[in-house]
Amino acid sequence: MEKEHRAYKSHCLVLPYPSQGHINPLFQFSKLLDHKQIKVTLVTTRFTSKTMHRGSSGIELETISDGYDEGGTDQAESIQAYIERFWQVGPETLAELLEKLSSSGCPVDCIVYDSVMPWALDVAKKFGIVGAAFFTQSCVVDNIYYHVNKGLLKLPLSESETSLPGMPPLGPVDFPSFMYDLGSYPAYFDIVLGQFSNVEKADWILCNTFYELEEQVVDRMSDFWPARTIGPTIPSGYLNKQLEDDKEYGVNLFKSNNDACMKWLNEQQKGSVVYVSFGSTAKLNAEQMEELAWGLRRTKSTFLWVVRESEADKLIKGFVEETLEKGLVVSWCSQLEVLAHEAVGCFITHCGWNSTLEALSLGVPLVAMPQMSDQSTNAKYIKDVWKTGVKAQPDGKGIVRQEEVEHCISKIMEGEGGKEIKRSAMKWRELAKKAVDEGGSSDKNIDEFIAKLVQL
Ligand code: UDP
């Protein structure tokens, strides 16, 4: 079909890695493109498409294969095996999809691909179409991995402090866990370094952050890495209301108990609730779960704790029943709706990048309890750079004890420092809104991306 005859200006495939923390930002970006008259087709794996719950966004869905159509990662014997097969089958089935779309009169102009899947760029280039890498972590973390990938930062980390361009000196535990605990998750470390294997061939580098949040590092990186900040990719009902009724990301891999959460939150006092969640993948060990549970029981505050089904057997027996008066434990909720609720006064988080951005954008103070991956670096910035939270200190065994949990909560909920943190959180909330508002730093970058696409 000739371009002039199409009802849309350009057609983008958007390809996230199939986990909640990757689907959310890329799907939200899809909704924005769609709003700005770009046709978007979201691509996920066959298994994910069968199991996910979808809202009504109107975005079309197509699938590729990860080689495990009947069970995804659960079907693979290890994450290493999953990735190896996905990286082999993914490009082949993506190429088939591009051919199918082209022959059905709906050719693709651009692939916005999750940067952890760099093979998608090779496929785009083979088809002569535009490739846009979408980075789902902070620019600070991208900067660190870039330096490791280029051999500019040597491992193991040998200094007590290391300085990289545009960043304050970091101690070893402020780096991503794969670096200070070398060999801990080799498959994941390979993936994050692999993001840079061909990135210089990408036509665009899009980052889910906003300029004002990471100004120094974005400026310094721009000498060698032309990143465009386009975030925070959060449903616009919480930011600038650009999209109508946009209060949910819209693709859920978990079944939510949201009605129960909202009903319970509505009964709580303003600012009185501690919300606790470790995202979609982190696994706490049983001892840590127990200490956290006792810590929550000790505090004066009430709590809403998300314990995913796969983690539930680690909850101490009788805890839910014993704490009915002061807390609610659910297996999943709509996190944004919870964070936006006036009853929530503080968020105990693993500091996944989406959770961090969501809390910053909604002005919610944090207790950082990083578990793995980039979370330690996000925690460092939350505490020392953005000043929107405190960091819970683990003991020599790596466990955050109940007294520390209680202490961190009371610092935020009661202390003078808590007010300071709340003020910072509100400042970032305003800056996040400004970035995505018309003419804001992220909005301008998105418009520039679209303007180039429609000229193709
Ligand atoms: N989330 C949610 N409900 C929950 C817990 C998490 O909707 O009960 C969402 C949260 O809003 C975020 C994503 O899941 O967008 C988790 O992403 P993040 O980067 O914070 O952590 P990850 O799951 O990747 O470790």
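Residues numbered from 1 in each chain as written. Predicted model: local features only at pLDDT ≥ 70, side-chain atom pairs only at ≥ 80, totals over all residues. Heavy atoms only, no water.

Throughout the structure, instances matching the rule amount to zero disulfides. For the unlinked cysteine Cys 139, the closest cysteine sulfur is that of Cys 207, found at 3.9 Å. Considering cysteine sulfurs only, Cys 261 is the nearest to Cys 333, which forms no disulfide, with 4.8 Å between them. Exposure remark for Cys 333: the relative accessible area of 6% places this residue in the buried category. (Disulfide = S-S within 2.5 Å. Buried < 20%, exposed > 50% of the residue type's maximum accessible area, 1.4 Å probe, protein only.)

Another aspect to go through is the sheet that holds strand 12 (residues 327-330). Read across the sheet, six strands follow the order 12-11-10-13-14-15 without closing on themselves; strand pairing throughout is parallel. A single partner strand is all that each edge strand has here, and the edge strands are strand 12 and strand 15 (389-391). Sheet twist, expressed as the mean angle between neighbouring strand axes with direction ignored, is 15°. Taken together, the four bridges between strand 10 (residues 273-277) and strand 11 (residues 302-306) define a ladder with parallel strand orientation. Looking across to strand 11, one finds that Tyr 275 is bridged to Leu 304. Helix 10 (residues 286-298) contacts strand 10, strand 11 and strand 13 (344-349) of the sheet and is inclined by roughly 155° relative to strand 11. (Pairing = 2+ DSSP bridges. Helix = DSSP H or I, 4+ residues; strand = E, 2+ residues; numbered from the N terminus. Axes fitted to C-alpha atoms, helices over the stretch in contact; angles between N-to-C directions. Contact = heavy atoms within 4.5 Å.)

We now examine empty space enclosed by the protein. What the rule picks out here adds up to two cavities of 30 Å³ or more. By volume, the largest cavity is sized at about 120 Å³. Counting residues per element, the ones that place at least two in the lining of the largest cavity are helix 1 (20-35) and helix 17 (441-454). Class assignment of the residues belonging to the lining of the largest cavity gives a composition of eight nonpolar, five polar and three charged. (1 Å grid on protein atoms, 1.4 Å probe; cavity = no way out; pocket = protein on both sides within 12 Å on 5 of 7 lines; lining within 4 Å. Points joined across faces, edges and corners; volume = space filled by probe spheres on them. Nonpolar A, V, L, I, M, F, W, Y, C, P; charged D, E, K, R; others polar.)

Bringing the site of the ligand into the picture now. Close contacts around the ligand come from 19 residues, with Asn 24, Ser 280, Cys 333, Ser 355 and Glu 358 the closest. The side chain of Ser 280 places a nitrogen or oxygen atom 2.4 Å from an oxygen atom of the ligand. For the ligand, whose accessible area on its own is 540 Å², the fraction buried by protein is 93%. Where the shell around the ligand is concerned, the elements lending two or more residues are helix 1, strand 10 and helix 13 (353-362). It is helix 13 that contributes the most residues to the shell around the ligand, four residues altogether. In terms of residue class, the shell around the ligand is built from six nonpolar, twelve polar and one charged. (Near = heavy atom within 4 Å. Polar contact = N/O pair within 3.5 Å; in protein donor to acceptor, adjacent residues only side chain to side chain. Areas by Shrake-Rupley, 256 points an atom, 1.4 Å probe, with all protein chains shown as cover.)

Once that is clear, we can look at the layout of surface pockets. Here the second largest pocket is characterised by a volume of approximately 410 Å³. What lines the second largest pocket is a set of 25 residues, among which Glu 342, Val 344, Gly 345, Gly 363 and Lys 422 lie closest to the centre. At the level of secondary structure, the elements contributing two or more residues to the lining of the second largest pocket comprise strand 13, helix 15 (402-413) and helix 16 (416-436). At six residues, the largest contribution of residues to the lining of the second largest pocket is made by helix 16.

Here the focus is helix 13. Counting buried residues in helix 13 gives ten out of ten residues, a clear majority hidden from the surface. Along helix 13, the residues classified as buried are Trp 353, Asn 354, Ser 355, Thr 356, Leu 357, Glu 358, Ala 359, Leu 360, Ser 361 and Leu 362. Against helix 1, helix 12 (335-339), strand 13, strand 14 (366-368), helix 14 (375-385) and helix 16 lie the buried residues of helix 13. Of the residues trailing helix 13, Gly 363 is marked for its positive phi of about 70°.

On to the packing of aromatic side chains. All told, the structure shown has 26 aromatic pairs when counted by the stated rule. Relative to Trp 225, the ring of Phe 135 lies with its centre 4.9 Å away and its plane at 80°, an arrangement referred to as edge-to-face. Residue Phe 135 is found in strand 6 (residues 130-135), and its partner Trp 225 is found in the loop between helix 8 (215-221) and strand 8 (227-229); the two are separated by 90 residues along the sequence. Neither Phe 135 nor Trp 225 differs from the other in exposure class; each is buried. Judged by centre distance (6.0 Å) and plane angle (45°), the ring pair of Trp 353 and Trp 386 falls under tilted. Here Trp 353, found in helix 13, pairs with Trp 386, found in the loop between helix 14 and strand 15; they are 33 residues apart in sequence, far enough to count as distant. Each member of the pair, Trp 353 together with Trp 386, is buried. Here the aromatic residues Tyr 17, Tyr 68, Tyr 82, Phe 86, Trp 87 and Trp 119 are joined through ring pairs into a cluster of three or more. Just above the ring of Tyr 238 sits the side chain of Lys 247; from NZ or CZ to the centre is 4.9 Å. (Phe/Tyr/Trp six-rings, centres within 6.5 Å; stacked < 30°, edge-to-face > 60°. Lys NZ or Arg CZ within 6 Å of the ring centre and 35° of its normal.)

Per-residue confidence for the chain averages 95 on the pLDDT scale, and 99% of its residues sit at or above 70. Low pLDDT (under 50) marks residues 1-5, which in the prediction has seven contacts with non-local residues, meaning those over four places away or in another chain. (pLDDT = per-residue confidence, 0-100.)

The next subject is the side chain of Gln 375. Mapped onto the secondary structure, Gln 375 falls in helix 14. The contact partners of Gln 375, leaving out residues within four places of it in the chain, are His 350, Cys 351, Gly 352 and Pro 370.

Further remarks concern unusual backbone geometry. Geometrically, the link from Leu 155 to Pro 156 is a cis peptide bond, its omega value of 0° lying close to zero. Position of Pro 156 among the secondary structure elements: in the loop between helix 5 (139-149) and helix 6 (177-180). Put simply, Gly 231 and Pro 232 share a cis peptide bond, and its omega is 0°. Within the chain, Asp 245 stands out as a residue other than glycine whose phi angle is a positive 50°. Secondary-structure assignment places Asp 245 in the loop between strand 8 and strand 9 (251-252). Overall, Asp 245 belongs to the exposed group, its relative accessible area being 76%.

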